[in-house]
Structures are given as structure tokens and as C-alpha cells.
Amino acid sequence: MRSLHDYGKGSFVKRKKKVNGMSGIVAGIFLLMLLMACGKTQNRGTENTTGTAVVPEYVFTYAENQAEDYPTTQGGYRFAELVKERTDGKIEILISAGAALGDEISVVEQLRFGGIDFTRASLSSLGDVLPKINMLQLPYLYTGREHMWKVLDGEIGDEFLGELESLDLVALSWYDAGARNFYTSTKPIEKLEDFQGMKIRTQEAELMADMAEALGAEAVPLTYTLVYSALQTGEIDGAENNWPSYESMGHYEVAKYVTVDEHTRVPEVQLISRSTWDQLTPEYQAIIRECAEESALYERELWAEREKTAEQKVRAAGCVVVQLSAEEKQRFRDAVMPLYEKYCSEYMELIEKIIAAGE
Ligand code: GCU
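Just so it is clear, the model here is predicted, and its values are computed rather than measured. (Residues numbered from 1 in each chain as written. Predicted model: local features only at pLDDT ≥ 70, side-chain atom pairs only at ≥ 80, totals over all residues. Heavy atoms only, no water.)

The next subject is the confidence of the model for the protein chain. Summing up the model confidence of the protein chain, the mean pLDDT is 90 and the portion of residues at 70 or higher is 86%. Here residues 31-44 is modelled with pLDDT under 50, and outside its nearest four sequence neighbours on either side it reaches 12 contacts, counting other chains as well. (pLDDT = per-residue confidence, 0-100. Contact = heavy atoms within 4.5 Å.)

Laid out in C-alpha cells, this is it:
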């Protein structure tokens, strides 16, 4: 397997990534300047529910790497709205969609140091810094949506939200991101052998790269926003994601073969930086938690809807969908089983509990 580091050696991938990082930084600086300007113009104000002008006590940043109309972004907006309402305009949260504040991994890093206040992140961006969290995103772990929600909404989910404290992050709620499938541009993946010789983009996480390699592909870990052009130029032969991302990012236009194997369900989490959290009174903290949870329920509803419409849209656009037979899917599953040993040996009891919740 090529390590993430290898991709930094002057490859197209890294060059593009740097440009992306720079534009993220420039956008971040611009937003901070804007916020400072807002902070100085104290009387800019906003109106509370009684129509009186209110000056916010706090104006916070919230990073989101999806498009404006995407379910997670809409969940973020709902969260910001609820918080504003319930703090009577004293807390304002500014959502920056479309990865304007940078890619997911650097956003999480900035949150840990207090440079950004909130984000919604895929758990894959946390696995390399908190390996235990990989227990929730192993390939073929959940039998389906209900199984995953039973785990996340129960004691195990709460325990993992608490684990994020060790990264100086406070985890507020779980967001849905459905199941992920492979998609390719040159030829369909119909059986395990078809992965041979294919360069498949994965999320930038050791577990995800290992998964693609275990199936026989060459893993190319790459930032989300660069996948479209990498598919278009042939830098990669395929990628993997859920239906809404495949549709929203336009990947279906450049990789029309989809293999429905639902290899992972990668939960997503809403986070606030510990240093931001510590500035808030217990009352404000309680409001933030309750609004995050409500926004998550809203996001789950939007998600279920968008999963269907995204699939319909890409099918109508001419995507070729391969349904794996039960036997072939079992071969995929068997191929990645060594990863359970590699990533779970310390947490066998926990993983058994997670599996048992789906039986
Ligand atoms: C999903 C997820 C994103 C993530 C992306 C990826 O779309 O919602 O947060 O960045 O997968 O594949 O990187």
C-alpha cells in the first residue's frame, strides 16, 4: 500500500491538495476578518423574538464540507437557528458550507486548537488520531441502518461521544451518512477480482485505505473536494461514497458504474471545540446540546429522503448499477476480515457487543 505520505511526493494529488489547503486558509482568514469586523460593529445586532435589536455575545464559526442544500448542511443551519432562538440572539453560529474553511482533516485539527468553533465531521477523519473510534466504522460491521442507530443511540454511542474529549473536542450529536458503495469510471466491479489494478480513492484514513487494499485495489487517499477532477483526469479509476455524495459532488457524471456492496456506514458527528465550550455558561452548554440533538433528528429525516432522490437522479442519468450476489458480497466481506484483527484486537469485547446489537 502506498502510504498517505507517499502521495505527497510531488504527485498531482498533493499539489491539488495544497492549493485546496491554501484556498481554505485564505477563505478562513477572510471569514475571521469578517467576524472581527462583526465583533467590532457591536450595534450591527440582530432581532430577538420580541423584535428588539440584540447584540450577540458570541459569534461562532461552523465548518461543513458539503453543499448548501445537502442534509448535513441543512442540519447545521437548523442547529444555528435553534441556538439563536433559544439564546434570544445571544449566540450566533455562522455556517460555512462547501469546505470553505478547509478540508475535513484540517478543520478537525483547527477545532482541537480552537481556531474553528463547530463542525460536522465524518468519523473517518478521527480514526487516525483516536484509533478506538474505528470500532464504529469497520467495513461490513452493521447489518443495516437500524443496527447502526441502535448502537449510536444507545450506551455505546454515548460512550464514544465521551471519548472525543481526549482530543479536546466535545461531541454533541450523531448525524447520518448512510451506506457507502464503490463506483468506477472505466469498467464495473462485478466480482472481487475486478479490484485488481484499480486505483480507488478512499477517505484520508488508514482504515479506509487498508480496506481498499484488502479488496485488491490500490488505495489513493484524497480530499473529498478533489475526487471529481481526479476521476475526470483518470488519476483514479474509482471512489466510494454514499448516494447523496455521489450525486451532490457530480461523481456520477465521471464514474457511472456503481457496485452496491454497502461496505461501510461511517457515522458523522457534530463537534464543538473544547476551548469554545469552556467559554460558555452551563445554561448555554445545555442549549447547545439540546439544539444539536434536535438538529440531528432533522438531519436523519432529510437524509432518508435525499438517499432516495439521489439514487433516482443518478439512475435516471444513466448510471449502471451492479447488485452483488450474496455469495460475491460474502467474498468482499471475507477479504476485509483481517482488518478486524488489525484494528480491534484490543477491543474484542466491545466489537462483539456492537455486532450482537444487530442480531
Ligand atoms: C461523505 C461525508 C464527508 C466526507 C466524504 C468523503 O460525503 O459526508 O464528510 O468528507 O464522505 O468521502 O471524504
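Having put the structure on the table, let's press on.
Further remarks concern the side chain of R201. The residue R201 is located in strand β8 (residues 199-202) in this model. Of the side chains with opposite charge, E240 lies nearest to the buried R201, which makes no salt bridge, at 4.6 Å. In terms of polar contacts, R201 uses its side chain to reach the backbone carbonyl oxygen of L222, at 2.7 Å. Sequence-distant contacts of R201, that is, excluding residues within four places in its chain, are made with R180, V220, L222, T223, Y224, V227, I236, G238, A239, E240 and N241. (Helix = DSSP H or I, 4+ residues; strand = E, 2+ residues; numbered from the N terminus. Buried < 20%, exposed > 50% of the residue type's maximum accessible area, 1.4 Å probe, protein only. Lys, Arg positive; Asp, Glu negative; His and termini not counted. Salt bridge = Lys/Arg side-chain N within 4 Å of Asp/Glu carboxyl O. Polar contact = N/O pair within 3.5 Å; in protein donor to acceptor, adjacent residues only side chain to side chain.)

So, on to the pairing of strand β7 (residues 180-184). With respect to burial, β7 is a largely interior element, 5 of its 5 residues being buried. Judged from the 4 bridges that link them, β7 and strand β11 (residues 257-264) form a sheet pairing that is antiparallel. Note that in β11 the partner of R180 across the bridge is T264. As paired elements, β7 and strand β10 (residues 238-241) share 4 bridges and run antiparallel to each other. Looking at β10, one finds that N181 is bridged to N241. (Pairing = 2+ DSSP bridges.)

Reading across the sheet, the 5 strands line up as β4-β3-β5-β12-β6 and stay open at both edges, with mixed pairing between neighbours. Two strands bound the open sheet, and with one partner strand each, they are β4 (91-96) and β6 (169-175). The sheet shows a mean angle of 25° between the axes of neighbouring strands, taken without regard to direction. The sheet contact formed by β6 and strand β12 (residues 268-273) spans 6 bridges and is antiparallel. Bridge assignment links S173 to a residue of β12, and that residue is Q270. Along the sheet, helix α11 (residues 282-316) contacts β3 (58-63), β4, β5 (118-122), β6 and β12; its crossing angle with β6, the most-contacted strand, is approximately 25°. (Axes fitted to C-alpha atoms, helices over the stretch in contact; angles between N-to-C directions.)

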